Amino acid sequence: MSYKELLNKLNTEQWLEDKELLQLVFAFSPESEKYAMNLAGKKALSVFGNKIYYRGIVEFTNICRNNCYYCGLRKDNEKCKRYRLTEDQILSCCENGYRLGMRTFVLQGGEDIAFDVEFTDLIKKIHVRYPECAITLGAGERPDKLYREWYESGATRYLLRHETADKKHYELLHPDYQHFDNRMRCLNSLKKMGYQTGAGMMVGSPYQTYKELCEDLIFLRDFKPEMVGIGPFIPHHDTPFRDKETGSFDLTLYLLAIVRLLLPTSLIPATTAMDTVIKDGRLQAVKAGCNVIMLNITPLKERKDYRLYDDMAELNKMEGLDLGSLNAKFNTIGYEAVIDRGDYKEGVNK
Ligand code: SAH
Ligand code: SF4
């Protein structure tokens, strides 16, 4: 089948067989990218209208026990100046975000296990103070018991990218003591507990080929995450992958478009990494079917020490985001940001 036939089939059936997905990845070209983006943009419009959901992201700690080879926050990076926001700081980030119109707070951080008990209390406090807001967590791999406590405290969404669905590839991106099976255990538990669950991968991570990307698509097709985070790999100068190449922006757009067609109702952010590799890259990601924008509401002083990769966009943006000009940018391509929790809606993916 030609890429047009494959994409048309995907567009109408929301399903492709494994080997068809592989064919589709191999068919990546400027033409197929354009064709996929066009279908995916229309699909997102038909499901969500021209709405984009803003999320406020608080990078609450950069302390991490892990050593992912790609990440600037890895434990062995001694140059990273470590911080953990206080409870008051985190609550005032939420207050700020709420005032700006955000109705979802994303609390993202390293695996800072010394903070766990206080963190549970903090989730409760945010939930009581902002009952109409959604709380999303991105705090890595944890025991089921803790996931359950956090859920009972008021968090209803969890972001944990699978990074790569190929076990051998996973082992090339992480040291021995970080296990692929544990990541999968976490993802399955989160979903079973009732969290809206986010998975996703980096595009162009070291040693990745089209075969691994195809496995990622198969995984996403079958796992059906409610949220999907996909961005290009970008090297960080103080990690073992400092000399590796940055992932392709266009290939990322192509994959985002394919995922929009595979999982029409999923919430897909136009990631910060897209803006880091290309100016206003997130606008193009929205055209490819993304419908979520994460806005950084971490205090500037700490934010500069939360560097997952080099030249991370928004690192130096002023506090009190200029939402007016951001809205204006989205208006130029026909979209508008809405004040809404933007929950996953049961629908065509199920
Ligand atoms: N510790 C948590 C959350 C912080 S990292 C976790 O690991 O889930 C959030 C995401 O940033 C990771 O899932 C990874 O996909 C992405 N990331 C880390 N380093 C990156 C890099 N060098 N380039 C692109 N994305 C990166
Ligand atoms: Fe820690 Fe997450 Fe970075 Fe891995 S990706 S080192 S778990 S912050």
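Computed from a prediction, not measured in an experiment: that's the story for all the values here.

Colleague: Even after reading the chapter, I still don't get the overall build of the chain, so can you show me in this structure?
Modeller: Each helix and strand counted, the chain has 14 helices and 10 strands in total. Relative to a compact globule of 350 residues, whose C-alpha radius of gyration would be 20 Å, the chain shows 19 Å and is just as compact. In terms of overall dimensions, the chain has C-alpha extents of about 55 × 45 × 35 Å along its principal axes. A burial count over the chain gives 59% of its 350 residues as buried. Long-range pairs, those at least 24 residues apart, make up 76% of the contacts in the chain with a sequence separation of at least 6. Summing over all exposed atoms, the chain offers an accessible surface of approximately 14,400 Å²; the carbon and sulfur share of this is 53%. Across the chain, the centroid of the 49 positively charged side chains sits 2 Å from that of the 50 negatively charged ones.

Colleague: Whenever I open this one, the pairing of strand β1 (residues 51–61) confuses me. Can you help?
Modeller: Along any regular strand, the residues point their side chains to alternate faces of the sheet. Of all 11 residues that make up β1, 10 are buried, and the element is covered over most of its length. Sheet topology places β1 next to strand β10 (residues 336–338); 3 bridges connect them, and they run parallel. The partner of I52 across the bridge, within β10, is A337. Pairing analysis gives 5 bridges linking β1 to strand β9 (residues 292–296), with the strands arranged parallel. Within β9, the residue paired with Y54 across the bridge is I293. At this point the chain moves from β1, through helix α4 (residues 87–100), to the parallel strand β2 (residues 104–109), and the crossover so formed is right-handed.

Colleague: How should the side chain of R221 be read in this particular structure?
Modeller: Inspection of the secondary structure puts R221 in helix α9 (residues 210–223). Within polar-contact distance, the side chain of R221 engages the side chain of D18 at 2.8 Å. Beyond its immediate chain neighbours, meaning those up to four positions away, R221 contacts W15, L16, E17, D18, L21 and L262.

Colleague: Please clarify how the site of ligand 1 should be interpreted in this entry.
Modeller: Around ligand 1 lies a shell of 16 residues, among which Y70, G109, R161, E163 and I234 are the nearest. Backbone polar atom of G109 to a nitrogen atom of ligand 1: 3.0 Å apart, as the coordinates give it. In the environment of ligand 1, a nitrogen atom lies 2.7 Å from a nitrogen or oxygen atom belonging to the backbone of I234.

Colleague: What is the right way to look at the site of ligand 2 in this model?
Modeller: The environment of ligand 2 is formed by C64, N66, C68, Y70, C71, R74 and G110. For the shell around ligand 2, the residue count by class is 4 nonpolar, 2 polar and 1 charged.

Colleague: Would you mind showing me how to read helix α3 (residues 30–48) here?
Modeller: Note on helix geometry: an α-helix contains 3.6 residues per turn, so any two residues three or four positions apart are oriented the same way. Taking 1.5 Å per residue, 19 residues should reach 27 Å; α3 reaches 26 Å between its end C-alpha atoms and fits that length. Within α3, burial applies to S32, E33, A36, M37, L39, A40, G41, K43, A44 and F48. At its buried positions, α3 is contacted by α1 (3–13), β1, α10 (249–262) and α12 (281–287). Note on α3: the residue one or two positions beyond its end, G49, has a positive phi of about 70°.

Colleague: Mind showing me how you'd approach the pattern of salt bridges here?
Modeller: Side-chain pairs of opposite charge can arise where the charged atoms are in close proximity. All told, the structure shown has 27 salt bridges when counted by the stated rule. In this structure, E87 and K125 form a salt bridge, with 2.5 Å as the shortest nitrogen-oxygen distance. You can see E87 sitting in helix α4 and its partner K125 sitting in helix α5 (residues 116–129), a full 38 residues away along the chain. Of the residues examined, E87 reaches a relative accessible area of 29% and is grouped as partly exposed. Residue classification places K125 among the partly exposed residues on the basis of a relative accessible area of 37%. With its nearest N and O atoms 3.5 Å apart, the salt bridge here joins R183 to E163. Of this pair, R183 sits in helix α8 (residues 180–193) while E163 sits in the loop between β4 (157–159) and α7 (167–173); the two residues are 20 residues apart in sequence, bridging distant segments of the chain. When its relative accessible area of 9% is taken as the criterion, E163 is described as buried. Salt bridges sharing partners connect three or more residues here, namely D166, K211, E212 and E215.

About the criteria used
Residues numbered from 1 in each chain as written. Chains lettered and ligands numbered in written order. Predicted model: local features only at pLDDT ≥ 70, side-chain atom pairs only at ≥ 80, totals over all residues. Heavy atoms only, no water. Helix = DSSP H or I, 4+ residues; strand = E, 2+ residues; numbered from the N terminus. Rg over C-alpha atoms; globule rule 2.2 N^0.38 Å. Buried < 20%, exposed > 50% of the residue type's maximum accessible area, 1.4 Å probe, protein only. Contact = heavy atoms within 4.5 Å. Areas by Shrake-Rupley, 256 points an atom, 1.4 Å probe, with all protein chains shown as cover. Lys, Arg positive; Asp, Glu negative; His and termini not counted. Charge placed at Lys NZ, Arg CZ, Asp CG, Glu CD. Pairing = 2+ DSSP bridges. Right-handed = clockwise from strand over helix to strand, strands pointing away. Polar contact = N/O pair within 3.5 Å; in protein donor to acceptor, adjacent residues only side chain to side chain. Near = heavy atom within 4 Å. Nonpolar A, V, L, I, M, F, W, Y, C, P; charged D, E, K, R; others polar. Expected span 1.5 Å × (residues − 1). Salt bridge = Lys/Arg side-chain N within 4 Å of Asp/Glu carboxyl O.

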